Protein chains: 2
Amino acid sequence: MGKIIEGKLIAEVFRNNIKNFAKENYSKGIRVPKLAIVMVGDDGGSTFYVRNAKKLSENLGLDCEVFHFDKDTSEESVVDTIKELNIRKDVDGIMMQLPLPDKFNEKYIISKISHKKDIDGLTDVNIGRFYSGEKCFIPCTPKGIMELIKSTGVDITGKNAVVVGRSNIVGKPIAQLLLDEHATVTICHSKTENLMRICSRADILVCAVGKPGFINEDFVKEGAIVIDVGTTMVDGKLKGDVVFEEVLKKSAFATPVPGGVGAVTTTMLLKNTCEAFEKNVR
Amino acid sequence: MGKIIEGKLIAEVFRNNIKNFAKENYSKGIRVPKLAIVMVGDDGGSTFYVRNAKKLSENLGLDCEVFHFDKDTSEESVVDTIKELNIRKDVDGIMMQLPLPDKFNEKYIISKISHKKDIDGLTDVNIGRFYSGEKCFIPCTPKGIMELIKSTGVDITGKNAVVVGRSNIVGKPIAQLLLDEHATVTICHSKTENLMRICSRADILVCAVGKPGFINEDFVKEGAIVIDVGTTMVDGKLKGDVVFEEVLKKSAFATPVPGGVGAVTTTMLLKNTCEAFEKNVR
């Protein structure tokens, strides 16, 4: 029987560190880190996420300002705000909430964010540095996943890691981070042949497919670490890619959904904000 | 018995296309594509490479200007030249010959190249776009390798591809390009356990290790495509990673060294220069 990787508890540790970090800087008379969130329109998921991020920021003693634009606003107003935030000394991190309404050119708007404040790791410069193995902001979901894996205490070096899914925001960056930690990394996707066999050899299996219950115990090696990044709403309930109960029995460690990867991502965004702050006030 | 992938013949096809492209543009009264090469100091390998690139450019009817600085020149003089080349209308591509002498900050100098003229794909912006799967300049060696693989006519989709080596200039980008072509990709390196077994499952095996004769037939699956990126000088002769004769017998296709990957890279640089030209004169 494997152990559950408790995302909430792991997030709690990071949150305490962030809280102390903010408190310390405040008490030294410097200031607290500040996150600016830019949001356009009223997408339900976005509204929920932004509200949570703001609440968490404030709970941890960080400053958070939301710039909320009407969906009919012009692209240039959004860009003007970004440009202003880029130069504002009191703003450490800028998060552009995605998706933007259809008429907006996302790539163009993102390209206007200074890479020094790009705490979500969306700009080309940041992505370039990320894949070159240089100092940069690591996108929140992959960063959180690595913390969950590291929390097991298992040495990643030389391990056989398999990532199912090759998206720009999860599959590819998590493969890169596992490679940085000296795992042998295989990236699988919808065109992969013999997926089950490949997965069943993995010491570390990261599932980012988006098909509820797709990964059952047959995909899992005895004693593996299984990370479930899938989040699909089924009958009003959040479902992962992994059949959790049976996979947990076979694996050494597995993340639940909810309470696994999703529980750490926003915390990682605030951790990145603190890292941006450190460079900004230096 | 496998077939030899004849890098020289494949390069020849691309060279003819480049030649015709330059001729056509010249005869239309536009102009020919122009490559600017910036070089500092007198490194032997660099001198050789730059001389060859210039010669090949001119043979194909492209314009090529070399900006050769003394090793004692200031960083700012090099940067000033790059800035000038960035805005010069008649210059399509800028190649910064590496390595630079020790006192130079390579990253800083490279960051000054406009990503629109970065035909070697060295800037952060270009790398970011590359790994995001967007339009960009594909670095010459990985680009050449893909052309060699495609020359076999074998469909890459769903194939099991293994890349040995995880450098920023070969291993990581070739893994990305194979993934873009829907291969299932495994990246191996010095910390990989059971390397031989992993390689022996590969339909496409790319070796970028730098150890002469490291990959023998035991690493190779019957009927595989084997690409040898290794180039080590042994007793004045260029040696690849692969024991060519025995691997060729087992594989379906294999590249020799010399005459394989090395034979196409400079041609790819000039192909990128033509692509830059097309955007530049549009």
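Residues numbered from 1 in each chain as written. Chains lettered and ligands numbered in written order. Predicted model: local features only at pLDDT ≥ 70, side-chain atom pairs only at ≥ 80, totals over all residues. Heavy atoms only, no water.

### Side note on helix 3 (residues 75-87) of chain B
Note: α-helices contain 3.6 residues per turn, so residues at a spacing of three or four share the same orientation.
In step 1: Taking 1.5 Å as the rise per residue, helix 3 of chain B with 13 residues should run 18 Å; its terminal C-alpha atoms sit 19 Å apart, in good agreement.
In step 2: Looking at the packing, one finds that the buried side of helix 3 of chain B touches strand 2 (34-40), strand 3 (63-69), strand 4 (93-96) and helix 4 (106-111) of chain B. (Helix = DSSP H or I, 4+ residues; strand = E, 2+ residues; numbered from the N terminus. Expected span 1.5 Å × (residues − 1). Contact = heavy atoms within 4.5 Å.)

### Looking at the relation of the copies chain B and chain A
In step 1: Overlaying chain B on chain A yields an RMSD of 0.0 Å, the required transformation being a rotation through 180° with an accompanying axial translation of 0.0 Å. Here the copies are linked by what is in effect a two-fold axis.
In step 2: A symmetric contact is evident, with 100% of the interface residues of chain B recurring at the interface of chain A. (Least-squares fit on C-alpha atoms with pLDDT ≥ 70 in both.)

### Description of the sheet that holds strand 3 (residues 63-69) of chain A
In a beta sheet, neighbouring strands are held together by backbone hydrogen bonds and run either parallel or antiparallel to one another.
Residues and elements named next belong to chain A.
In step 1: In space, the 3 strands of this open sheet follow the order 3-2-4, with parallel pairing throughout. The strands lining the two open edges of the sheet, one partner per strand, are strand 3 and strand 4 (93-96). In this sheet, adjacent strand axes meet at a mean angle of 20° when their direction is disregarded.
In step 2: Bridging between strand 2 (residues 34-40) and strand 4 involves 4 bridges; their strand directions are parallel. Bridging from a neighbouring strand, Val38 pairs with Met96 of strand 4.
In step 3: The strands that helix 2 (residues 44-59) touches are strand 2, strand 3 and strand 4; relative to strand 2, the one it contacts most, it runs at about 165°. (Pairing = 2+ DSSP bridges. Axes fitted to C-alpha atoms, helices over the stretch in contact; angles between N-to-C directions.)

### Let's talk about the UniProt feature "binding site: NADP(+)" (unreviewed entry) in chain A
All names here are of chain A.
In step 1: Those places that UniProt annotates as "binding site: NADP(+)" (unreviewed entry) correspond, in this numbering, to Gly165, Arg166, Ser167 and Thr231.
In step 2: Note on placement: Ser167 falls in the loop between strand 5 (160-164) and helix 7 (171-180).
In step 3: Excluding residues within four positions of it along the chain, Ser167 makes contact with Lys172 and Pro173.
In step 4: By the secondary structure assignment, Thr231 is in the loop between strand 8 (225-228) and strand 9 (232-234).
In step 5: For Thr231, a relative accessible area of 54% translates into the label exposed. (UniProt positions renumbered as here; feature names shortened; annotations may be inferred. Buried < 20%, exposed > 50% of the residue type's maximum accessible area, 1.4 Å probe, protein only.)

### Quick look at the packing of aromatic side chains
In step 1: One pass over the full model with this rule turns up 7 aromatic pairs over all chains.
In step 2: Ring geometry for Phe130 of chain A and Tyr131 of chain A: centres 4.9 Å apart, planes at 90°, overall edge-to-face. Of the two residues examined, Phe130 of chain A and Tyr131 of chain A, each falls in the buried class.
In step 3: Between Tyr131 of chain A and Tyr131 of chain B the ring centres are 4.3 Å apart and the planes differ by 10°, which places this aromatic pair in the stacked class. Residue Tyr131 of chain A is located in helix 5 (residues 124-131), and its partner Tyr131 of chain B is located in helix 5 (residues 124-131); the two belong to separate chains.
In step 4: Here the aromatic residues Phe130 and Tyr131 of chain A together with Phe130 and Tyr131 of chain B are joined through ring pairs into a cluster of three or more. (Phe/Tyr/Trp six-rings, centres within 6.5 Å; stacked < 30°, edge-to-face > 60°.)

### A few points about the UniProt feature "domain: Tetrahydrofolate dehydrogenase/cyclohydrolase catalytic" (unreviewed entry) in chain A
In step 1: According to UniProt, the "domain: Tetrahydrofolate dehydrogenase/cyclohydrolase catalytic" (unreviewed entry) feature falls on residues 5-120 of chain A.
In step 2: For residues 5-120 of chain A, the helix share is 48%, the strand share is 16%, and the end-to-end C-alpha distance is 24 Å.

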